[in-house]
Amino acid sequence: MKDRALSIILPMGALIFLLIIWDRAVVLLEIPTYLLPRPKDVATALWNGYVLEQTYWKHLRTTLYEVVVGYGIGCTIALTAGAIVAESRLIERTLMPIIVAIQSIPKVALAPLLIVWFGFGVASKMVLVALICFFPVFINSFYGLRSANPDLLRLYRAFGAPRLHVFFHVKLPSAAGSIFAGLQIGVVLALIGAIVGEFVSAKEGLGYLIQSSTLSFDVATMFAAVVSLSAVGITASSIVRFVQAKVVFWEQRDSSGATLSETV
Amino acid sequence: MTEPRLSIEKLSVTYASARGKLTAIQDLSLSVTNGQFVAVLGPSGCGKSTLLNIASGLLSPSGGLVSIQGKPVTGPRPDVGIVFQQPTLLPWKSVIENVLVPVQAMGMKVSEHMERARSLIKMVRLEGFENHYPNELSGGMQQRVGIARGFMHDPQLLLMDEPFAALDAMTREHMTDELQSMWMQSGKSVLFITHSIPEAVYLADRVVVLSARPGTVVDVIDVPIPRPRTLETLSSPEFTSICNRLRMFFRAQSEKQENKS
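Just so it is clear, the model here is predicted, and its values are computed rather than measured.

**As for the overall build of chain A**
Along the backbone of chain A there are 11 helices and zero strands. Secondary structure of chain A in N-to-C order comes out as α-α-α-α-α-α-α-α-α-α-α. Each of the three principal axes of chain A carries a C-alpha extent, and together these read 75 × 55 × 30 Å. Burial status across chain A gives 36% buried among its 264 residues. Summarising the internal contacts of chain A: among those between residues at least 6 apart in sequence, 76% fall at separations of at least 24.

Okay, structure coming up:
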């Protein structure tokens, strides 16, 4: 119990300490606020944006909408594709080289093209998000499904179990840990995809907010948008991790930490 | 005269490998009669696992005839039980669900087999652990779940691939005794693969000795020691003389191998 309290108090203390240093630095070094705002300016911007004027909500909503829908589509397609490719050696040999080749394209480079194809609205951002989440989830599903214990598969084969039964009872649960690691990576990438899409062209969204406030040297708003983004990122990863712990209850949670640090 | 449970005649298995044809088993014949416990003893690389795949119908032989109960084996045989070297359990299923895997995989009603699963769990002395998950059990307990699963669908022939090899020495001795009593209760035919001489002699009615690759039968020794065999058996003159005979045999074999190379 004491240990758990400490694991909250210590990082909180460190955060407050950093905020104080930040604030003192701005004041003592006389950094102009159009370069670096004081923490309290950021807090004021957040307060105004979410409580008094409530102008940030629509940006937050738009970005969330793009992330959730894009992530959902991307992960669904990736899981299905991973399952199909893992189940058939012929399809694997046919498609894998192409998929690997496409994977080497930095997906954000496609953002302007996607805007041309899918318009300035949310659709183009959703496509970018889906595209960027696809690969980690696909690869992890594929390798996870292939890594099922061969002895178990032999056992099920000896019993003459139907293919679908083996898939749902052995392969999919064996792959669950690996799939969740992919979903965990995907959630971070999804946010990046949405923001980059909004940078390129948008009328709403946290990425748009950052862009437009930069133009007017409103750095406090920029910081407020970044804080909002990190709140979204932390919440989304926590949800995935929570679901993972519930679903893949037989595995230790150490894998998620490792994969997250690999991507950032 | 009843047909033997498992009969293998002049079996040969060759694999196509990168370095050409590899003969894993050559001209191997053995049989397991009803209720008999046969141990297959051999150095590593004598094709023991191949033999198991053949007997369970997962691999078809390149030559020779394999039959169970007089019928040739042509595909996977659900009436054969398999126990692996590792427990090979499903970590997302509880103990009782793991024991019920054969029933479920064969598309039968799980609810009708609950009683049997419970009694098997009792037999491997895991009462009270029905709803535990494998990662909450020790290695020995997990292996016992694997053995209970092997018995679940009441197979007439049980194939065991070094089932105790991954256990520590103490657990191993204990499990050997348990297997003996389970076998005596159930009257199943068992083909037990091992590389431990005392284990083979302690458990088996008959020990089949295989040579190094290509695996073939080089000796068959009957073990006429009465059952149940106990701690005293281990120091009995019959037991030690059979073990010594086997040891001498393997030593001579490996010397021959060294001289050849």
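**Describing the environment of Ser119(B)**
Mapped onto the elements, Ser119(B) comes out in helix H4 (residues 114–123). Taking the C-alpha atoms as reference, Ser119(B) lies 39 Å from Val13(B); in sequence the two are 106 residues apart.

**Regarding helix H2 (residues 39–52) of chain A**
Residue and element names in this part refer to chain A. With 14 residues, H2 should cover 20 Å at 1.5 Å per step; its first-to-last C-alpha distance of 18 Å lies within 8% of that length. Looking only at H2, the buried set comprises Val 42, Ala 45 and Gly 49. Along H2, the residues classed as buried sweep out an arc of 60 degrees about the axis, all on the same side. Those residues of H2 that are exposed and aimed more than 90 degrees away from the buried face are Val 51 and Leu 52. In this structure, the buried side of H2 is in contact with helix H3 (56–87) and helix H10 (219–247).

**Some thoughts on the domain arrangement of chain A**
In terms of domains, chain A is made up of domain 1 (1–31) and domain 2 (35–263). Between the C-alpha centres of domain 1 of chain A and domain 2 of chain A the distance comes to 30 Å.

**Description of the interface of chain B and chain A**
Facing 18 residues of chain B, the contacting portion of chain A comprises 14 residues. Partitioned by chemical class, the residues of the side of chain B that touches chain A number 13 nonpolar, four polar and one charged.

**Here we look at the domain arrangement of chain B**
All names here are of chain B. Partitioning chain B into domains gives domain 1 (6–79 + 156–260) and domain 2 (88–154). The distance between the C-alpha centroids of domain 1 and domain 2 comes to 25 Å. On the side of domain 2, nine residues touch domain 1, which itself brings nine residues to the contact. Here the side of domain 1 that touches domain 2 gets four residues from one element, more than from any other, and that element is helix H6 (residues 169–186).

**Concerning the pairing of strand S8 (residues 189–194) of chain B**
Residue and element names in this part refer to chain B. With six of six residues buried, S8 is to be regarded as a mostly interior element. By the alternation rule, side chains of S8 split into Ser 189, Leu 191 and Ile 193 and Val 190, Phe 192 and Thr 194, which are all buried. Taken together, the five bridges between strand S3 (residues 37–41) and S8 define a ladder with parallel strand orientation. Paired with Val 38 across the bridge in S8 is Leu 191. Where strand S7 (residues 157–161) lies against S8, five bridges are found, and the strand directions are parallel.

Cut-offs used in this document
Residues numbered from 1 in each chain as written. Chains lettered and ligands numbered in written order. Predicted model: local features only at pLDDT ≥ 70, side-chain atom pairs only at ≥ 80, totals over all residues. Helix = DSSP H or I, 4+ residues; strand = E, 2+ residues; numbered from the N terminus. Buried ≥ 20, exposed ≤ 12 C-beta atoms within 10 Å, placed from the backbone. Contact = placed C-beta atoms within 7 Å. Expected span 1.5 Å × (residues − 1). Arc of directions from axis to C-beta. Domains from an automatic or database assignment. Nonpolar A, V, L, I, M, F, W, Y, C, P; charged D, E, K, R; others polar. Pairing = 2+ DSSP bridges.

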